[in-house]
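Per-entry structural report
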Amino acid sequence: MKRQLTGALRRSILTVAGLAAAAVLAVGLASPASAYGGGANHDMWQIGFSMNCNNPSLSLCADIGTGGDWGWVEFDRSADGTQTWGDAQTTFCFHTVGGGGAGAGHTSIDITSWTISGLWTFVASGTETDSFRGMTETFTFTDEDTGIPATPGHYTSSDILGFSAPGVAIQIQVSFRPAK
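Residues numbered from 1 in each chain as written. Predicted model: local features only at pLDDT ≥ 70, side-chain atom pairs only at ≥ 80, totals over all residues. Heavy atoms only, no water.

A few points about the sheet that holds strand β7 (residues 153-156)
Strand order in the open sheet formed by eight strands is β6-β5-β4-β3-β2-β1-β8-β7, with antiparallel pairing between adjacent strands. At either end of the open sheet lies a strand with only one pairing partner, and these are β6 (135-149) and β7. Strand-to-strand, the axes of this sheet are offset by a mean angle of 15°, without reference to chain direction. Bridge analysis of strand β3 (residues 84-95) against strand β4 (residues 103-116) gives nine bridges, and the strand direction is antiparallel. Bridge assignment links Gln89 to a residue of β4, and that residue is Ser108. (Pairing = 2+ DSSP bridges. Helix = DSSP H or I, 4+ residues; strand = E, 2+ residues; numbered from the N terminus. Axes fitted to C-alpha atoms, helices over the stretch in contact; angles between N-to-C directions.)

And the structure:
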């Protein structure tokens, strides 16, 4: 049974994947970066991100809510390419205009498998655990496009959205380290 995403992964997908076409254009402009570590016998992508949407008059922020997501994701692949796995840790918060309903939480994601889509973004399956206001919810997801570019480089709001606006800031850093 496929379940609708909630939590930080859903918000990230709404922010990034909905505008993946702009990210594809940015891929050619991004310069490569290096991932940490050495000597591992598998390929590794490390992603750090910060996404803030604090302009309630902008339809993007009105659609996903004001606030932000911050965290890291790791995608791993065996040297022979037959196995994929990964994990992610994010912190999120949201604000309300006029009060009520705001708060902060944490998401932990265990990625059991992934592929790279034709748009050069990671498509993942796994388990997500969201913690918010003392409550925890865990669910599985299958073949969800994360909207995260697979090409190493630095991506900004303009790269991802195709525009910049007051109160909107997106930074994504993608690093890749091949198997040794």
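Observations regarding the pairing of β7
Regular strands show a simple pattern: their side chains alternate between the two faces of the sheet. Because side chains alternate across β7, one face comprises the buried residues Gly153 and Tyr155, and the other comprises His154 and Thr156, none of which is buried. Across four bridges, β7 lies against strand β8 (residues 168-177) in antiparallel orientation. Across the sheet, Tyr155 pairs through a bridge with Ile172, a residue of β8. (Buried < 20%, exposed > 50% of the residue type's maximum accessible area, 1.4 Å probe, protein only.)

Structural notes on the confidence of the model for the protein
Averaged over every residue, the pLDDT of the protein is 81; the share at 70 or more is 77%. Between residues 1-5, whose pLDDT stays under 50, and residues either more than four places distant or in other chains, the model counts twelve contacts. Long-range and interchain partners of residues 13-31, a stretch whose pLDDT sits below 50, account for 42 contacts in this model, where long-range means more than four residues apart. (pLDDT = per-residue confidence, 0-100. Contact = heavy atoms within 4.5 Å.)

A short note on the side chain of Ser157
By the secondary structure assignment, Ser157 is in helix α4 (residues 157-161). Dropping the residues within four chain positions of it, Ser157 is found in contact with Gly162, Phe163, Val168, Ala169 and Ile170.

Description of the packing of aromatic side chains
In this structure the tally under the stated criterion is eight aromatic pairs. With 4.5 Å between their ring centres and 45° between their planes, Trp45 and Phe176 make a pair best called tilted. Of this pair, Trp45 sits in strand β1 (residues 42-53) while Phe176 sits in strand β8; the two residues are 131 residues apart in sequence, bridging distant segments of the chain. The exposure class of Trp45 is buried, given its relative accessible area of 5%. Ring centres 5.6 Å apart and planes at 75° place the aromatic pair Phe75 and Trp114 in the edge-to-face group. Within this pair, whereas Phe75 is found in strand β2 (residues 66-78), its partner Trp114 is found in strand β4, the two being separated by 39 residues in sequence. A residue is classified by how much of its surface remains accessible, and Phe75, at 1% relative accessible area, is buried. A residue is classified by how much of its surface remains accessible, and Trp114, at 6% relative accessible area, is buried. (Phe/Tyr/Trp six-rings, centres within 6.5 Å; stacked < 30°, edge-to-face > 60°.)

Comments concerning unusual backbone geometry
Not every positive phi belongs to a glycine, and Trp120 is a case in point at roughly 60°. Within the secondary structure, Trp120 is located in the loop between β4 and β5 (121-132). Given a relative accessible area of 51%, Trp120 falls into the exposed group. Even without a glycine there, the phi angle at Arg133 is positive, about 50°. Relative to the assigned elements, Arg133 resides in the loop between β5 and β6.

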